[in-house]
Amino acid sequence: MTPAVDSQLRTDLRGFRAVQRLAYECAESVAARLRPGVTEREAARMQRDWLRARGVRDWFHLPFAWFGDRTAFTGFRVPLQFFPTSRRLEPGMPFILDMAPIHQGFTADIGYSGCLGLNPVHDRLLLDLEAHRDLILREVRERRPLREIYRDVERLMRHQGHLNRHRAYPFGVIAHKVDRVREGRWSPTVLGFGTHALKGLAGDALHGHRDGWSPLWSPYRFSDHPPQPGLWAVEPHLGFRGTGAKFEELLVVTDSRDPEQSAFWLDDDLPHVRRWAEERTAA
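Below you will find a few notes about this structure. (Residues numbered from 1 in each chain as written. Predicted model: local features only at pLDDT ≥ 70, side-chain atom pairs only at ≥ 80, totals over all residues. Heavy atoms only, no water.)

**A short note on the pairing of strand β12 (residues 243-246)**
Residues in a regular strand point their side chains to alternate faces of the sheet.
Next up, step 1: Neither face of β12 is exposed, since Thr243 and Ala245 on one face and Gly244 and Lys246 on the opposite face are all buried.
Next up, step 2: Pairing geometry for strand β11 (residues 237-240) and β12, over four bridges, is antiparallel. Residue pairing in the sheet places Gly239 in a bridge with Gly244 of β12.
Next up, step 3: With antiparallel pairing between neighbouring strands as the criterion, β11 and β12 make up a hairpin whose turn holds two residues, including Arg241 at a positive phi of roughly 50°. (Buried < 20%, exposed > 50% of the residue type's maximum accessible area, 1.4 Å probe, protein only. Helix = DSSP H or I, 4+ residues; strand = E, 2+ residues; numbered from the N terminus. Pairing = 2+ DSSP bridges.)

In structure tokens:
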């Protein structure tokens, strides 16, 4: 349950929660329609079309789709390798759908991991992600420096026997800050990223540089500071022998001294959270 917050923040959180749920609804709808032979480009277009049909006109970034060993970013060296390819989905293949729509000025950035059929390795990765969600929230509430939390997440991954695949993202980020975006008549993109959202992120970077913080949560020195109040799109990404899995969702950080109100996940009614609850019930 979301802790008590002031009225303006409560209003904003409803907007962010609505677009995050819209994005996850899209992911589940597209995942249910995936069949052998569908390409990454087709899966990305399916996400884009589904969201546009529901009023999305702007993006933090356009939808991505990764199949097979590309879910673990195998061999990724340059940013262009993240873009959807002609890789075709096959039975037993893992997949990740990743989208960041902006709707009515509110931003979401989500990652949905699935598999076309049975894959025990993928199932194990999904279950192991729950401990990372718990660790991140606990240590953010402790106001640990972001760089230290990053290292603890990586340490847990190694303990589980997995590789840290968010290291492959630009700057090795596990998360980035998101804000409201002023919608305009035009919504241009540059290399798949919306210019309106990038402008806001750049503004945060300039402001943060002056005040000693960064909107990027990375393993580097510029993230050696406590969590900054705001919303953070967090995406721990596990890899094991060519299979990858992650979740991505919004974490709310406030300046409250009450631990429960100082940080909380925006929404606990999400596919991966429901899956973990079902697994515990079945056990």
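Let's pick the thread back up.
**Considerations on the nonpolar core**
The tendency in soluble globular proteins is for nonpolar side chains to be buried as a group.
Next up, step 1: Grouped together as the largest cluster of nonpolar side chains are 65 residues, with contacts concentrated most on Ile136 and Trp217.
Next up, step 2: Sorting elements by how many residues they give to this core places helix α1 (residues 7-33) first, with 10 residues.
Next up, step 3: Apart from residues lying up to four places away in sequence, Ile136 is in contact with Ile149, Val153, Ile174, Trp217, Val234, Pro236, Leu251 and Trp265.
Next up, step 4: Phe60, Trp66, Val173 and Ala197 belong to the second-largest nonpolar core, a separate cluster that totals 15 residues. (Core = buried A, V, L, I, M, F, W, Y, C linked by side-chain atoms within 4.5 Å. Contact = heavy atoms within 4.5 Å.)

**Re helix α2 (residues 40-52)**
Next up, step 1: With 13 residues, α2 ought to run about 18 Å at 1.5 Å a step, and its terminal C-alpha atoms sit 18 Å apart, in line with that.
Next up, step 2: Looking at the packing, one finds that the buried side of α2 touches α1, β1 (58-67) and β2 (94-103). (Expected span 1.5 Å × (residues − 1).)

**Considerations on the pairing of strand β10 (residues 230-234)**
Next up, step 1: Taking burial as the measure, the five residues of β10 include five buried ones, the bulk of the element.
Next up, step 2: Here strand β6 (residues 175-178) runs beside β10; their pairing, made up of four bridges, is antiparallel. Its bridge partner being in β10, His176 is matched across the sheet by Ala233.
Next up, step 3: Where β10 lies against strand β13 (residues 249-253), five bridges are found, and the strand directions are antiparallel.

**Observations regarding the environment of Ala131**
Next up, step 1: Mapped onto the elements, Ala131 comes out in helix α3 (residues 120-141).
Next up, step 2: Sequence spacing of Ala131 and Leu156 is 25 residues, and the spatial spacing of their C-alpha atoms is 8.4 Å.
Next up, step 3: Ignoring anything within four residues of it in the chain, the contact list for Ala131 reads Leu156 and Gln160.

**Quick notes on the environment of Glu235**
Next up, step 1: Relative to the helices and strands, Glu235 resides in the loop between β10 and β11.
Next up, step 2: For the pair Glu235 and Asp255, spaced 20 residues apart in sequence, the C-alpha separation works out to 22 Å.
Next up, step 3: Setting aside residues no more than four positions away along its own chain, Glu235 makes contact with Asp98, His166, Tyr169, Ile174, Lys246, Phe247 and Glu248.

**Considering the sheet that holds strand β14 (residues 263-265)**
Next up, step 1: Strand order in the open sheet made by the five strands is β9-β6-β10-β13-β14, with antiparallel pairing throughout. Pairing within the sheet leaves two strands with one partner each, and these edge strands are β9 (216-217) and β14.

**Considerations on the pattern of salt bridges**
Next up, step 1: The final tally for this structure, using the stated rule, is 22 salt bridges.
Next up, step 2: Between Glu139 and Arg144 there is a salt bridge, with the nearest N and O atoms lying 3.4 Å from each other. (Salt bridge = Lys/Arg side-chain N within 4 Å of Asp/Glu carboxyl O.)

**Looking at the packing of aromatic side chains**
Next up, step 1: As enumerated under the stated definition, the model contains 16 aromatic pairs in all.
Next up, step 2: Between Phe82 and Tyr169 the ring centres are 5.7 Å apart and the planes differ by 15°, which places this aromatic pair in the stacked class. Here Phe82, found in the loop between β1 and β2, pairs with Tyr169, found in the loop between β5 (163-164) and β6; they are 87 residues apart in sequence, far enough to count as distant.
Next up, step 3: Judged by its relative accessible area of 10%, Tyr169 falls in the buried class.
Next up, step 4: Aromatic rings pair up to connect Phe64, Trp66, Phe73, Phe76, Phe82, Phe83 and Tyr169 into one cluster.
Next up, step 5: Above the plane of the ring of Trp50 lies Arg54, whose end atom (NZ or CZ) is 3.7 Å from the centre. (Phe/Tyr/Trp six-rings, centres within 6.5 Å; stacked < 30°, edge-to-face > 60°. Lys NZ or Arg CZ within 6 Å of the ring centre and 35° of its normal.)

**Focus on a nonpolar patch on the surface**
Next up, step 1: Taken together, the side chains of Val78, Leu80, Val190, Leu191 and Leu198 make up a nonpolar region of the molecular surface, amounting to roughly 470 Å² of accessible area.
Next up, step 2: Here Val190 lies in strand β7 (residues 189-190).
Next up, step 3: Judged by its relative accessible area of 47%, Val190 falls in the partly exposed class. (Patch = residues over 30% accessible without salt bridge, like charges linked within 9 Å, V, L, I, M, F, W, Y side chains within 5 Å. Areas by Shrake-Rupley, 256 points an atom, 1.4 Å probe, with all protein chains shown as cover.)

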